[in-house]
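Okay, here's what each chain looks like letter by letter:
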Amino acid sequence: MNIKSNRNIQKIVVLSVSLLRHSGEILAPVLASISLEYAGVPEVWIQTLLNATMLALVPSLLLAAPLVKATSHKTATQIAIGLTIFGGLIPLFTSSFAILFASRLVVGVGVGLMNPVSASLITENYTGSEKEQLIGGRTAVASIGTVILSLLGAYLTKFGWRY
């Protein structure tokens, strides 16, 4: 594989991390179903599930730089993606609203770590117009990820909100 081909693969990998940047929003289409299942939980707490991701995201932004310094960009990215996926899968295995809420916090930490790490991958490895294109591409890929995940979330409601 030549250097140019390797560089293109690297760009695809860097941009693909952004697919999960807005994964906290996948829950929006199923809030009504969650509300029915947790009828004893006040509606404000059900709605707060969407905000729980952002609640955890903000402080975790501050943890990204020390995590990268202690490990590497690759390890920090793997941790971020792992937390996001793990937090997203927890609802498959629990009926506890408290654990569901905690899973949204885990997703928030994962996404919060992912945002600055994916941005720094671009700013530290690219320059000039290549850097500008990747920054724009990162935003576009994140938006595409939001659309895909929202559609997937809406589709999966056919099988139950936990999916």
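See above for the structure.
This report concerns the structure included in the present document. Not measured: the values here are computed from a predicted model.

## As for a nonpolar patch on the surface
Taken together, the side chains of I85, L89, L92 and F93 define a hydrophobic patch exposed on the protein surface, amounting to about 410 Å² of accessible area. Looking at where L92 falls in the secondary structure, it is placed in the loop between helix 4 (73–89) and helix 5 (97–125).

## Describing the packing of aromatic side chains
The tally for this structure, following the rule as stated, stands at three aromatic pairs. Geometrically, the ring pair formed by Y155 and F159 is edge-to-face, given 5.6 Å between the ring centres and 70° between the ring planes. Look at F159 and you get partly exposed, because its relative accessible area is 48%.

## Structural notes on the packing of helix 4 against helix 5
Across the interface, helix 4 lies against helix 5 with an axial gap of 7 Å and an inter-helix angle of 150°. Regarding the angle of helix 4 to helix 5, the classification is roughly antiparallel. The handedness of the crossing between helix 4 and helix 5 is left-handed. Contacts between helix 4 and helix 5 involve H73, A76, T77, I79, A80, I81, L83, T84, F86, G87 and G88 from the former and S103, V106, V107, V109, G110, V111, L113, M114, V117, S120, L121 and E124 from the latter. Grouping the constituent residues of the contact of helix 4 with helix 5 by class yields 14 nonpolar, eight polar and one charged.

## Notes on the layout of surface pockets
As a volume, the second largest pocket reaches approximately 190 Å³. Taken together, Q10, V13, V14, V17, H73, K74, T77, Q78, L121, N125 and Y126 make up the full set of residues lining the second largest pocket. For the lining of the second largest pocket, the secondary-structure elements that each account for two or more residues are helix 1 (3–16), helix 4 and helix 5. Grouping the constituent residues of the lining of the second largest pocket by class yields five nonpolar, five polar and one charged.

## Some thoughts on the nonpolar core
Grouped burial of nonpolar side chains is what soluble globular proteins tend to show. Ranked by internal contacts, the top residues of the largest apolar core, which has 13 residues, are I34, Y38, I46, L49, F97 and L100. Of all hydrophobic cores here, the second largest spans nine residues; its members include V17, V68, L113 and V117.

## So, the side chain of S103
Structurally, the position occupied by S103 is in helix 5. Residues contacting S103, with those up to four places away along its chain left out, are G87, I90 and P91.

Reading guide: rules and limits
Residues numbered from 1 in each chain as written. Predicted model: local features only at pLDDT ≥ 70, side-chain atom pairs only at ≥ 80, totals over all residues. Heavy atoms only, no water. Patch = residues over 30% accessible without salt bridge, like charges linked within 9 Å, V, L, I, M, F, W, Y side chains within 5 Å. Areas by Shrake-Rupley, 256 points an atom, 1.4 Å probe, with all protein chains shown as cover. Salt bridge = Lys/Arg side-chain N within 4 Å of Asp/Glu carboxyl O. Helix = DSSP H or I, 4+ residues; strand = E, 2+ residues; numbered from the N terminus. Phe/Tyr/Trp six-rings, centres within 6.5 Å; stacked < 30°, edge-to-face > 60°. Buried < 20%, exposed > 50% of the residue type's maximum accessible area, 1.4 Å probe, protein only. Axes fitted to C-alpha atoms, helices over the stretch in contact; angles between N-to-C directions. Parallel < 35°, antiparallel > 145°, perpendicular 65-115°, else oblique. Left-handed = near helix turned anticlockwise from the far one by under 90°. Contact = heavy atoms within 4.5 Å. Nonpolar A, V, L, I, M, F, W, Y, C, P; charged D, E, K, R; others polar. 1 Å grid on protein atoms, 1.4 Å probe; cavity = no way out; pocket = protein on both sides within 12 Å on 5 of 7 lines; lining within 4 Å. Points joined across faces, edges and corners; volume = space filled by probe spheres on them. Core = buried A, V, L, I, M, F, W, Y, C linked by side-chain atoms within 4.5 Å.

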